[in-house]
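The chain contents come next:
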Amino acid sequence: MLSATWRHLAGLALREGGVTPKRRAMSALYAFSRRVDDIGDGPLADDVKVARLEDTRALLTRIREGAVEEDDTDPVAVALAHAAAHFPIPLGGLDELIDGVQMDLRGETYETWDDLKVYCRCVAGAIGRLSLGVFGTEPGARGVERASEYADTLGLALQLTNILRDVREDAGNGRTYLPADDLAKFGCSAGFAGPTPPEGSDFAGLVHFEVRRARALFAEGYRLLPMLDRRSGACVAAMAGIYRRLLDRIERDPEAVLRGRVSLPGREKAYVAVRGLSGLDTRHAARRTVGRRA
């Protein structure tokens, strides 16, 4: 369940520069999130998973209360406690991540986009807000009071892209994430059990509808980029750029998501990452933001 969003963001952040406090903090956040995700996606019985998740939540409470000592036997807890002591990390975001895994264990489905947003905020929006706690914002950046909102919105855009890409895989695992009212609107309520759309459905219309929604979220979330320092903004732009290009690919061939996992060729992914890391996307976002205010 842990979205590739988190893996991409953590990976890009960790590759940028040497061993810095921000890099260590991102490593700690990723390690704790990976633990939560491994519980949710692992082979244990559901009741055992629920108990493990509650144990993990209790550990998070100990970290929040400053009750984890340097000589604790859990290195992830020590690392996260150290990160939380040095950065304004909203640890409640990790509680939300646990909530999201529990939603999956309960097999929750979503009637409306507003319902699905709750889930997306838990598993992806929270990642944006947690990362922002480490990255911080540039002193004097305009509109910085909305930085957390933009980080959350960017997370929603990334997760919706993941959901579109993984429609067939999720269906095979008995999961449906797209809102039921959207599925009904486009005649897709029968689900996606095979490599072709449900008979009589407008599957392409459904995909294009969700792509437009994701693009609007990206446009709003990109307003975060000019508020970050150069390195942090570059990491976020590179990761988001990969997902936007993936969205382009899905839009061009909607049924590809039913035939298999859609991905970018390595060369294209590298190009998009370099573009983001160069700061080009951040500069474009800054110009668009200024244009809106003019």
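### Section: the pattern of salt bridges
Working definition: two side chains of opposite charge can pair if their charged atoms are close together.
Then, in step 1: This model, assessed by the stated rule, comprises 25 salt bridges.
Then, in step 2: Ionic pairing is found between D37 and R34, a salt bridge with its closest N-O pair at 2.5 Å. Of the two residues, D37 and R34 are both situated in helix α2 (residues 21-41); the distance of 3 residues between them amounts to about one turn of the helix.
Then, in step 3: Since its relative accessible area comes to 2%, D37 is described here as buried.
Then, in step 4: Residues D72 and R62 are paired through a salt bridge, measuring 3.1 Å at the closest nitrogen-oxygen approach. Linking D72 in the loop between α3 (46-64) and α4 (75-86) with R62 in helix α3, this pair joins segments that are 10 residues apart in sequence.
Then, in step 5: Ionic contacts of the salt-bridge type, sharing partners, join the residues E54, R57, R64, D95 and D99 into one network.

### Looking at helix α7 (residues 147-165)
Then, in step 1: The terminal C-alpha atoms of α7, which comprises 19 residues, lie 27 Å apart, in line with the 27 Å expected from a rise of 1.5 Å per residue.
Then, in step 2: Within α7, 17 of the 19 residues are buried, which leaves the element mostly enclosed by the surrounding structure.

### Examining the nonpolar core
Then, in step 1: With 85 residues, the main nonpolar core has F32, I63, L80, L94 and F218 as its most contacted residues.
Then, in step 2: Tallying contributions element by element places helix α6 (residues 113-135) first for this core, with 11 residues.
Then, in step 3: When near neighbours in sequence (up to four residues on either side) are disregarded, L94 contacts L29, F32, S33, L60, L80 and L130.

### As for the packing of aromatic side chains
Then, in step 1: Scanning all chains against the criterion turns up 6 aromatic pairs.
Then, in step 2: Note on F186 and F209: the rings are 5.7 Å apart at their centroids and 45° apart in plane angle, and the pair reads as tilted. Placement of the pair is F186 in the loop between α9 (180-185) and α10 (203-221) and F209 in helix α10, with a sequence separation of 23 residues. Both residues of the pair, F186 and F209, belong to the buried class.
Then, in step 3: Ring geometry for F218 versus Y222: centroids 6.4 Å apart, planes at 80°, classification edge-to-face.
Then, in step 4: Under the relative-accessibility criterion, F218 is labelled buried at 2%.
Then, in step 5: Overall, the relative accessible area of 4% leaves Y222 in the buried class.

Quick notes on the rules
- Residues numbered from 1 in each chain as written.
- Predicted model: local features only at pLDDT ≥ 70, side-chain atom pairs only at ≥ 80, totals over all residues.
- Heavy atoms only, no water.
- Salt bridge = Lys/Arg side-chain N within 4 Å of Asp/Glu carboxyl O.
- Helix = DSSP H or I, 4+ residues; strand = E, 2+ residues; numbered from the N terminus.
- Buried < 20%, exposed > 50% of the residue type's maximum accessible area, 1.4 Å probe, protein only.
- Expected span 1.5 Å × (residues − 1).
- Core = buried A, V, L, I, M, F, W, Y, C linked by side-chain atoms within 4.5 Å.
- Contact = heavy atoms within 4.5 Å.
- Phe/Tyr/Trp six-rings, centres within 6.5 Å; stacked < 30°, edge-to-face > 60°.

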